[in-house]
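Structure assessment
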Amino acid sequence: MTGVTPNENDVLFGRGSVISFYPGNQRLRSIAQTYKSSFQSTKKKEKRIIAQRIVDDIGKLDPPGRFLIERPEQDEGGGGTRLVWIPVPPEKAVGKVMHHLRDKNVSNQGPSVGPSISNYAPLDAQARGPQSLPSSDSGSTTPNMLQSVNSGFLETGGQAARHDHSLQHISNRQHMDQLQLAGSNNFLNRSSNWQAGLQPNIGLLFGSPDGSAALFPEMNRTNYLIQQVDDRQHAVLRNIGIASLSVDRTNSLQQAGSPALSFGSMNEHQRASLSADQTRLVQQASAHGNVGSTSSAPSDQNFLHGSKFPAQPSNRQLPSIPSIGPSTQDQKVSTTEPASDDPPIDHEDAACFDALVKFVFDEKRGSPAEPQHRPKGIALRQWMDMSEERSGNIAPAVSGSAEGASPYVESAMSVALELARFLLKSESDGNPIQLGSIASNNVIVFVDPKRNDVAEAICQVEITRCPGDNSGRGGDMPRLFALGTIFYELFSRRPFPIGSSSNRFGPSASASMGGLSLTNEPNETHDDPPSKRSQHMSTRSKYGDIHRESIAQLVILGIPRSLCALIDNLLDCSNGEFCGDDAYRSLADVCTDLELMRDGPTCFLHGLPFGANPSFEIRPKFYGRNEDILKIQNAYHRHVVGNCGGTLVSGGAGVGKSSLVSYVTRKLAVETNRYFLEAKFDQSKAINPLNTIGGMFNALCDSFAKDAAPSQLTAVATSLESALGSQAALLTGVIPNLAKLTSCSSIGTSMDCVDIAASMQFLFGKLLEVLSHHKGITFFLDDLQWADPASLMLIARMMSDTKGSGNVFFACCNRDDDMRDGDPFTTWLTTINMSSPPKPLEMLHLRNISQRGVNELVSETLRLFPRLTRPLAAVLHHKTRGNPLFLRQLLELLNDQGYINFSVTSLRWTWDMEKIMDLELSDDVLAMMMKEMQSLPADQQLGLKVASCFGSFTKYSIFDILSQDLGVNLKDLLDQVAKKGFMVKVDETCTRFSHDKIQQAAYEMMSMQERLENHIWFGLAICSRTLGWENDELLFAAINQINRGARLGADCLPNSKQKVMVAELNLKAGKRSIELSDFSTALKLFEHGISFLDQEERWTAQYKLSLDLFDAAAEVACNLNDPGAVKKLSQEVGAHAKCDNDNLNCLYAVTKSLLLSLKVVEAKKAALQILEQMGERVPRPSDDDGLVKDMKDMKAMLGNRSDESILNMKETDPTGKDVFLLNIYHDLHFLFRCLDPTRIVDASLRMVQITLSNGLCCISPLAFAHFSILLVTEDAALGYRISSLALRLLDRIGAKRYASAVILLVKVAVSWVAEPLQSISESLITGYKHGQRCGDLKSASGNYIMFLENIYLSGQNLSSVRDKSRKFALELLQRKQQFAIYGTWAIYLQACAFMEGLGYEEQEGTLLGGHLPSWYNIILASNNAARNSEFLLMYSSQQ
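So, a few notes on the structure that sits alongside this text. All of these numbers come straight from a predicted model, not from anything done at the bench.

What counts, and where the lines are drawn
Residues numbered from 1 in each chain as written. Predicted model: local features only at pLDDT ≥ 70, side-chain atom pairs only at ≥ 80, totals over all residues. Heavy atoms only, no water. Core = buried A, V, L, I, M, F, W, Y, C linked by side-chain atoms within 4.5 Å. Buried < 20%, exposed > 50% of the residue type's maximum accessible area, 1.4 Å probe, protein only. Helix = DSSP H or I, 4+ residues; strand = E, 2+ residues; numbered from the N terminus. Contact = heavy atoms within 4.5 Å. Salt bridge = Lys/Arg side-chain N within 4 Å of Asp/Glu carboxyl O. Axes fitted to C-alpha atoms, helices over the stretch in contact; angles between N-to-C directions. Left-handed = near helix turned anticlockwise from the far one by under 90°. Nonpolar A, V, L, I, M, F, W, Y, C, P; charged D, E, K, R; others polar. Parallel < 35°, antiparallel > 145°, perpendicular 65-115°, else oblique. Pairing = 2+ DSSP bridges. Phe/Tyr/Trp six-rings, centres within 6.5 Å; stacked < 30°, edge-to-face > 60°.

What follows concerns the nonpolar core. Of all hydrophobic cores here, the largest spans 82 residues; its most connected members are F697, F779, L784, F810 and W828. Per-element accounting of this core gives the leading share, 11 residues, to helix α46 (residues 1103-1119). Beyond its immediate sequence surroundings of up to four residues, F779 is in contact with L677, M696, F697, L700, L768, V808, F809, F810 and A811. Counting residues in each nonpolar core, the second largest holds 63 residues, with V1160, I1170, A1286 and L1290 among its members.

Take a look at the structure:
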């Protein structure tokens, strides 16, 4: 634990004036005053958000404000401990802010104790109005205490003593107290009035015993006085806040000149101002100052601060003292001095102690000369009469109506609750009210006369102790019965029928009633569990006619049934151990039930409405999830300040992840004015790549287009055009509504991309960046474990791009019991967790709810108090293990089967505990759901089975197609099922299962054979009606169904035409998946297509289709870097190809696969084999005579041919032989650079020859770029001209795919001969953007690295070079692009070396996680560049 030094914006925990008036604490009170009105008016669950916002605002100050607390720390030398300041946990900081927001006396001027900020006039003077303060001998005015502290100076006798208010030299609380006390002491010395007419005890208080100068100049005189009293007085003074008394009240004390204060000497006004606890404390204190003073039992409750202090041991047995109150007559008290072994008391010290006690009470409550507004204490009967006049009737016209209880009942409930709390508190304090005193005529209600509302006017309820009451505490049951008689009188406004309470509980120790002894031992408990009996039977014991008539009278008066039951259960306690199961066992249960009726009247006060058979309904509430909700909210607040990107909530099936996260994040999004978008991944729909995320972004674009102002739409259109360029057309296939925000082609093509996946990730990220800049966005992604690899990669890229921005919050859910090692989601999650801070996602594991949460759900469902449903909840928790889904299904089942039913006699829900305990249930929720589904009509079961074959949600358009073949209206059937809770109608176009487990249960109602046959049938039905449609959703739905049924084998489609049709659809769907950047799904589709073609006849009957499927599969396997699959597919084609040209595509896939594996020798051999089959010669070495002559001829021809003639050449087929051949030569450039550089010249020459002979194609600009590099060393002008021609060809033929590579080659190797470095740098940035859009990551990174090198060499500010290179290196680390790290980090280290020295760069590399290379590694890689894989890949084009 390392201490920190507080700054002026920090908020300090602790007590005392120094803490209270610390600048950060004052600022917190000021902010709390600003938010107070909105805090009090907002809902309970939203209050913490306001407090968290204040904590975040304080953290954003400069310097950042922290919440600090003092804690002991071991000295480094081991000699002891010292106090240091450390930050508190965030939850504790929020709690402190909420305390200030709830404080009714919060103000910017601090608490009532300590010096006033505004002035130091005495309270009586303040009541009269402003006046001048006493001046010192020098005539100067008294400084403001806060001003003195903030300025760092405290005045002492006209001299200035320096104090550092920043607390840098304050090592512990004692020093802080000395600072405050010194300031208070010095202020007192400035007044000359303090030097005249001092009493001896005042001299002790403010100076030496003889009234001269202070004995302790560094301490307040009150501290000196505290040292003069005994230990017991010391404890009392410390705990009533004596160390923080204000100067004004001390002044009043001195002027009054009263040396002592005893209880007997207090006037009537002073006595009336004290509570019972305060009375006891004064009496205790006075007993030490005056022999024979009265006292009462000590209290360990600090009534001034509300905090506990340990009771002091004492041998004195003090007599009882009657409580002070308007309704209590004065009682004479015995003044006989009790026997004691305590040492004799120093009366002079005791007098000083009494003076301080008076000092404290006047300080806290105001002096008698200045009456303040105080609660008024009245007897209970008087309060009842007053409330009757103001509230009217007791109950509403119709008992139990939903309109609410009468005003009188509401206010009487407040009295009952305060009374129960008072009794409970007196017992917890160790000073219980005697049993004989628990009667209605001893109840005092303290009300605020200025409040009109009867319920709100109630401040406190107490019971006065009867003089001479020797009944003792009594047992728990008699006390509860006595409380019940008071409640009966309170709500009925009639005395309890059996005599008065004073007769019932008199001083006689043998009093009894109904066989219940009133002298039970206080430690008697009733912890035995209730006997197991049928709950539908009446649990009320036989009270007799009087008891029954009392409860009946309450019902007749219209008292709510819940209150009648509460009083009934209290009166039932008169039967002792023979009472019913519903009888109360503790005061805590009574308080809890009253609080529930107050806070949840709809559920617990009014109960169930009158009716023969109320519906059984489980509320859509998150029971037992308060801590989990708080964690999600905290993650969201940390995200807003840039400390995290979102949260990932994991858990088992049925724990309520989806509903919880959706509710909390949606609410937070609405509160912070953000877009909320949700998407759910489905295991059965993983074949439709990017469909889920695309639909979510489609909704985002539509919402933004509707909500944004015209100026925002214009700004967004401009930003998107700049960021996406022409590649925006690729997104329109996935996001049709993008056209509402920017003008772009409605059809995109993957031919313009080097890596379609990388391109889509970049485009989605830029779209998100632009839109979130104008308005925040919250994404909720459910069941992420079923996401396709392309979607996972896209989500990771979006998280990386928006990390730290605070504009995009990702809320994700996954089912951890479906995770397997090595699956795509597990790999993705591991990668996410390894990213650099701040973490993209904060992890939260959601477990089943506890037994307490189960009881809360059961209690509110049955509208019974939790103490009554606790046994039932324990059984249900044991059977369901607290799984919310299982629990809800079980409750519905118990109600349907009659185990839980509504009793018309008792008008409440009842249950048969024995039958429920004996009920045998499956441990698997699926089995229970399946059993429930099997009880449905056959047609509804059919609807569930059909819907389950399509996953968790399905469009109605698919059901419309199937309804024609099935001869039923599936939509109507599913609507009927939805009424039973199995499905939910999302909108007019879609329906879904209410939970994944319900879909799984419906699916498992069918046998394996039935499932597979249905999949084939449904797929063919959709195909027959949608064949030829350009509808991706229906296409993928049909193919998904057929492929899922393919486990039956090829014979599942006996018709050969159907097999061919399905194979063709798989080929079409696979190509569409490639366009959507999902290569994994594409490979599966191609493999499915191949499987539907007969192995023996495919190469004869369906040669063209087979060749297309195998070629496509080999290409995709190459992109997935699966050399084994590529080799297998290529061998199959080679064995059945009718000519050499039919084998070229697979051979090229083999070449690229070897190249990606860095098997350059094998790759070169395969590439040369392709050239040989195409009739091309092997490239010649540079010293070949024929090559020299051909080069000379080509230079001459280019020199004589104009650029326009070349630009106007015809274009060849983009899918023809020339494009294929030029790609082979382009790859040979890389291979020859590694193995045989002398052959690069001939490869470049041949590329230009093919272009000039056959026409232009997309790769022609790359051919001229390669050739210009050869020319520039011999003829700079011609070389520069050809390089410029290559750049012009990019726009001429729209060669977007190769734009980044061409710009990199030209600008780095050629343009330097004619252009300044600044101009080249701008072009390199353009090349970087082109590479990002087209997915050419290698060329894009190469462009940016060369851009960094150019600005470094051109003399740009080194700090700018350092910052840009560092930022780019971190981006490369996040995206795992290791191939470009070395070049980027070398530039960064060079800039740091010039600016900071060599030691800085090593430290920086260590701070970034040690993933960045050192100088040694960079030099080593440079020396082996020819064979270093990262260096080679950096300058090669992605295939």
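Additional details are given in the paragraphs that follow.
One can find L668 in helix α25 (residues 657-671). As a C-alpha pair, L668 and H637 span 31 residues in sequence and 9.6 Å in three-dimensional space. Not counting the four nearest positions on each side in its chain, L668 is found in contact with I49, Q633 and Y636.

Right, let's get into the pattern of salt bridges. In the structure shown here, the tally under the stated rule is 46 salt bridges. Between K667 and E46 there is a salt bridge, with its nearest N and O atoms 3.4 Å apart. With K667 in helix α25 and E46 in the loop between α2 (23-41) and α3 (47-59), the pair connects residues that are 621 residues apart, well separated along the chain. Linking R619 and E860 is a salt bridge whose minimum nitrogen-to-oxygen distance equals 2.6 Å. With R619 in the loop between α23 (601-605) and α24 (626-640) and E860 in helix α32 (residues 851-862), the pair connects residues that are 241 residues apart, well separated along the chain. Judged by its relative accessible area of 38%, R619 falls in the partly exposed class. Look at E860 and you get buried, because its relative accessible area is 10%. Counted as one network, the salt bridges with shared partners bring together K680, D782, D783, R815 and D996.

Looking now at the packing of helix α26 (residues 691-707) against helix α29 (residues 756-774). Their axes nearest at 12 Å, the elements α26 and α29 cross at an angle of 35°. As for how α26 packs across α29, the hand of that crossing is left-handed. Packed against α26, whose contacting residues are I693, F697, L700, C701 and F704, the element α29 presents F764, L767, L768, L771 and H774 at the interface. Partitioned by chemical class, the residues of the contact of α26 with α29 number 9 nonpolar, 1 polar and no charged.

Taken N-terminus to C-terminus, the directions of helix α27 (residues 710-724) and α29 make an angle of 155°; their axes are 10 Å apart at the nearest point. Considering their axes alone, α27 and α29 lie roughly antiparallel with respect to each other. Here α27 and α29 pass one another in a crossing that is right-handed. Of the residues in α29, those touching α27 at Q712, A715, V716, S719, L720, A723 and L724 are F762, L763, K766, L767, V770, L771 and H774. Among the residues making up the contact of α27 with α29, the classes are represented as 10 nonpolar, 3 polar and 1 charged.

Our next topic: the pairing of strand β16 (residues 900-903). As judged from the 4 bridges shared by β16 and strand β17 (residues 908-911), these two strands associate in the antiparallel manner. If you follow I900 over to β17, its bridge partner there is W911. Taking the residues between adjacent antiparallel strands as the criterion, β16 and β17 are bridged by 4 residues, where L907 takes a positive phi near 55°.

For helix α40 (residues 996-1003), the tally of buried residues reaches 7 of 8 residues, placing the bulk of the element in the interior. Within α40 the residues assigned to the buried category are D996, K997, I998, Q999, A1001, A1002 and Y1003.

Strands sit in the order β6-β7-β8 across an open sheet of 3 strands; the sheet is antiparallel. For this open sheet the edge positions go to β6 (376-379) and β8 (458-463), each flanked by a neighbour on one side alone. The mean inter-strand angle of the sheet, taken between neighbouring strand axes irrespective of direction, is 25°. Two elements, β6 and strand β7 (residues 443-447), share 4 bridges in a ladder whose sense is antiparallel. Residue pairing in the sheet places K376 in a bridge with V447 of β7. Relative to the sheet, helix α16 (residues 407-428) contacts β7 and β8, its axis offset from that of β8 by approximately 50°.

Using the criterion set out here, one finds 24 aromatic pairs in the structure. Their ring planes at 35° and their centres at 5.6 Å tell us that F697 and F779 sit as a pair that is tilted. Highlighted residues: F697 in helix α26 and F779 in strand β13 (residues 777-782), separated in sequence by 82 residues. Residues F697 and F779 agree in their burial class; the two are buried. What links up through ring pairs into an aromatic cluster is the set F697, F764, F779 and F810.

With that settled, the discussion passes to the sheet that holds β13. Here 5 strands make up an open sheet; going across it, the order is β12-β13-β14-β11-β15 and the pairing parallel. With one partner strand each, in any of the chains shown, β12 (675-680) and β15 (842-846) form the two edges of the open sheet. For this sheet, the mean inter-axis angle between neighbouring strands, taken without regard to orientation, is 15°. Here strand β11 (residues 646-651) pairs with β15 via 5 bridges, running parallel. By the bridge assignment, V649 is partnered in β15 with L844. Its contacts with the sheet put α25 on β11, β12, β13, β14 (808-815) and β15, and the angle it makes with β14 is roughly 170°. Most of the contacts of α29 go to β13, to which it runs at about 130°, and overall it touches β13 and β14.

Fair warning: the whole summary comes from geometry, so function is off the table for now.
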